[in-house]
Amino acid sequence: MKRKLIALFLATTMVAGLAGCGSSETTSTDSGSTDSAASATETKTDNSSDSAASADSGSTDSAAIDTSEHVVITYMTTGDKPTGTQEELDKVMAELNKILTEKVNAELDIYFIEWTDYLSNYNLTLAQMDGTVDLVGTASDWLDAWPNAKNGAFLELSEDMLKTYAPQTWASVPAENWELCKYDGEIYLMPEDNYAQWTNHGYIYRMDWAKEAGLTDGVKSWEDLTTYWKHVKSTYTDIIPWDSDGTHQFQMASGWVASHSNFVPIDGLSNGGLWGGTKDDLYTITSPFVENTEMMVEYAKLMKEWNEIGVWKTDVLNNTSADARADFRIGRSAADQHHTQTWTDLCSATPSNTIYETDEDAEAGFFYFGQETGNVVALSITHGAMAVSAGSENPERALMVYDLIRNDPECYRLFNYGIEGTSYEIDENGLRTTPEGFDSEKHNINGTTNYWWGRNDDLEIKDATRNWDAIDKLYAEYDSKKINYPYGQFVPDVDNIQSYINNVNETHNNYMKQISYGLYQGTAEEIVAEYQEAMKAAGIDEVTAELQRQFDELYK
Amino acid sequence: MGKTKVKEVKPKSSLTFFQKVKRYKTLMLMCTPAILFFLAFSYAPLPGIYVAFVKYNYRDGIFGSKFVGLKNFEFLWDSGKLLDLTSNTILYNLAFIILGNVLAVFMAILLNELRCKWFKKVSQTMMFLPYFISQVLVGILVYNLLNYDYGFVNGMLTSLGREKWGPYSDPNVWPVILVIVYLWQQTGYNSVVYFASIMGIDAEIIEAAKVDGANGFQKIRYIILPSLKPTIVILLLFALGGIVKGNFGLFYNIIGSNSLLYSTTDIIETFVYRATMVDFNFSTASAVGLYQSVIGFIMVITCNWIVKKIEPDYSLF
């Protein structure tokens, strides 16, 4: 009897527990979905009435906007959750929220997507659509902006909405740039189009060491790099010239192509820009990786040579914990492979770049891919952009908040730089410096909020620690050579070719790892032939043909 | 094991469903949590399989999205790797299942024969510990043991004046390494089940064998192994259901993205992970999951059918 009772008791408690869980879950999701549905309809009616109102009054009428309810707007950005800077960030956000509450009766909250597996976490968070996030930092080339727009993760931003709730942003972005933010006739993104930056890739290297190697003007070509590696390897025997973590295969390969052709890749289609046009013929799709065998064989040969020199570790493909950049900062690495923006940091005597304190000869040069041929393409304006989540319960207020942090000097500075006097100071030249007692571990707000989705050169205060002489010189060089990104309006419809693209991408990735790190068996000719055959089998020609068809529709 | 007993007691099936419920109400009650669990987590989500057949759109949801038929399965066929991937997955799992179980039974018997109590406890714990190490750490551990430039093994080899060994560029050695790592991690855990069922063997039978003059080996051969047979068969049947589901954690953390080794180490999971990470497609991923489940289902049914032919008592259903 006793046993029976115990069994009964156990069973009922478990059932109760399960039932409890189940029911609470369903009710919560239920209420959630009805809520969002309700708010969606609300939004719609709001919109129409508002747009009617604004149409009546002819312009943006802030009186027509109802901000009586205090709301919290969550902004999603990539970046690690702050550790040391948390305290300072709290202060900044309190300050900022005071202003936001006063102006639009809203406050801002940051939702961090940590760098580990950021793309999948980013997409997963967007897929939730439960109002977790309102403002979404996004990018067409590195954060799946278009796939997400197509999947319905982003809200369509009507012109009326933008005019009403983000009037300054609406006015500051020229019409042709709004065109580049449209998919299927609807605006999804608010572009960071007034911010000078370059994210073309290349090698950051030690200029002083390059000079020692006899490269008096610095590294100007891939062959110069070979000379440079050899010198570093023989002179500085205790360091690995470039301790790659085995993930640079795409950048290296497309860098080689940029340096040896006038190929202009299409962003965001695949890793490593497999498809694109050429400067002479922008609208004929080609893929030099499979079409220019000779060039790829040369590449495979050179990379084998680099591998034999010992530029990276033998097991580079499993060397996931390496951090060449951190090593570079302290003088333990001869190179880092990344983009210009990273170089602007590494070439400057910032507090974290201790190499400039310990070694007064230290100097960081930059060899950009395409330097030999002058093949430089300016950044697409949607390399950074803000979108509004379709799951947002307060899209209007989200836009209003964005309009402020993008255009209001006070909010902009607070959000980007922190509190004046603690996190930054403006010196007599109007440049941004660090105040006394500044500790980048605690006060670096600029590196915490990661606001890369609407920076504004009108409000930017140049960072005094940056090596502007060198940076401006390189930017001027870029400006003299660049062409604008030509495919901004092209949002490919890949539904029918996605499986080919996946397979092509996978093949490209696998072979490029072996080729770019010189780890293949057999001769360069053999591996390139094998690679190209595998790419054909994976369907690269089908994709090229389909893209060409869509190009012809759009551009001819 | 208990099943046979139930069968004997089972009255004629003249009882109606409700009569049965009434008669076995205590048993039913005790089963309820498990039944509810499976209803909630295995049966309720079943309609979600539909996502494998649509072009999933966040806003329209699973059932509102456009139906595209078998399109999501295409990329697996198109890759031309389906056969290689499936065979890699199955072969690895076969190795894991067979070697894993043989070793686990072996260890359980050894443990059972140990007379020194503290040694038994210590060795059992030591065997169990690796099971709790995260796969990520296992990956790092293996890398630090085996990498070419700074690895422990190569350090030993050079100090012995031997040539260095580069497993990270040699696909052929990985099946062996991976199986060893798997066994190191799982044997302790697996042997517990067998150890428990050895403990459950009627002591009288063993006594009787001893009286009849059976030595230690004969005891194992004629008493213990036959008594373990039902457990082994049931565990094998369960394991076979997952034979096309690869051990993602193990492969992903040890092999990572080293494409040099894919020819012998790429399994369905790792391939799908890489390929679908690019476009973040729930539908394709579900399609693959469905493919694996269907094959697993067929495997279980077939194996169960074979077992039933040979020894009806041991079959699952």
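Here is a short report on the structure shown in this document. (Residues numbered from 1 in each chain as written. Chains lettered and ligands numbered in written order. Predicted model: local features only at pLDDT ≥ 70, side-chain atom pairs only at ≥ 80, totals over all residues. Heavy atoms only, no water.)

## Let's talk about helix 12 (residues 216-241) of chain B
Residue and element names in this part refer to chain B.
Right, so step 1: When the terminal C-alpha atoms of helix 12 are compared, their 35 Å separation across 26 residues agrees well with the 38 Å that a helix rising 1.5 Å per residue should span.
Right, so step 2: The largest bend along helix 12 reaches roughly 40° and is located at K229, with the proline P230 sitting one to four residues downstream.
Right, so step 3: Considered for burial, the residues of helix 12 that qualify are K219, I220, I223, I224, L228, P230, T231, V233, L237 and L240.
Right, so step 4: By the N-cap criterion, in which a side-chain oxygen at the helix start approaches the backbone nitrogen of a residue two or three places on, helix 12 is capped by N215, the distance to F217 being 3.1 Å. (Helix = DSSP H or I, 4+ residues; strand = E, 2+ residues; numbered from the N terminus. Expected span 1.5 Å × (residues − 1). Bend = angle between axes of the 7 residues up to and from the residue. Buried < 20%, exposed > 50% of the residue type's maximum accessible area, 1.4 Å probe, protein only. Polar contact = N/O pair within 3.5 Å; in protein donor to acceptor, adjacent residues only side chain to side chain.)

## Some thoughts on the pattern of salt bridges
Right, so step 1: The full count for this structure, using the stated rule, is 28 salt bridges over all chains.
Right, so step 2: Here E159(A) makes a salt bridge to K163(A), at a shortest N to O gap of 3.9 Å. Separated by four residues within a single helix, E159(A) and K163(A) lie in helix 5 (residues 159-165), roughly one turn from each other.
Right, so step 3: The class of E159(A) is partly exposed, set by a relative accessible area of 38%.
Right, so step 4: Residue E192(A) pairs with R455(A) through a salt bridge whose shortest N-O separation is 3.0 Å. Placement of the pair is E192(A) in the loop between strand 6 (190-191) and strand 7 (201-206) and R455(A) in the loop between helix 19 (446-449) and helix 20 (468-481), with a sequence separation of 263 residues. This pair shows no difference in class: E192(A) is buried, exactly as R455(A) is.
Right, so step 5: Via salt bridges that share partners, E506(A), K81(B), D266(B) and R274(B) belong to a single interconnected network. (Salt bridge = Lys/Arg side-chain N within 4 Å of Asp/Glu carboxyl O.)

## Considerations on the sheet that holds strand 11 (residues 364-368) of chain A
Residues and elements named next belong to chain A.
Right, so step 1: Reading across from one edge, 10-7-11 is the order of the three strands in this open sheet, with antiparallel pairing throughout. Among the strands making up the open sheet, the edge pair consists of strand 10 (335-339) and strand 11. Between one strand axis and the next, the sheet turns through 30° on average, direction left out of account.
Right, so step 2: Here five bridges tie strand 7 to strand 11, and the two strands are oriented antiparallel to one another. Residue R206 lies in a different strand from strand 11, and its bridge partner there is A364. (Pairing = 2+ DSSP bridges. Axes fitted to C-alpha atoms, helices over the stretch in contact; angles between N-to-C directions.)

## Let's talk about the nonpolar core
Right, so step 1: Core analysis: the largest hydrophobic core is formed by 93 residues, its most contacted members being Y203(A), Y228(A), W306(A) and W174(B).
Right, so step 2: Sort the elements by how many residues they give to this core and helix 12 (residues 293-309) of chain A lands first, with nine residues.
Right, so step 3: Contacts of Y228(A), omitting those with residues within four sequence positions, involve Y205(A), R206(A), W209(A), A210(A), L215(A), V219(A) and A334(A).
Right, so step 4: In this structure, M76(A), Y183(A), L404(A) and Y424(A) belong to the second largest nonpolar core, which totals 75 residues. (Core = buried A, V, L, I, M, F, W, Y, C linked by side-chain atoms within 4.5 Å. Contact = heavy atoms within 4.5 Å.)

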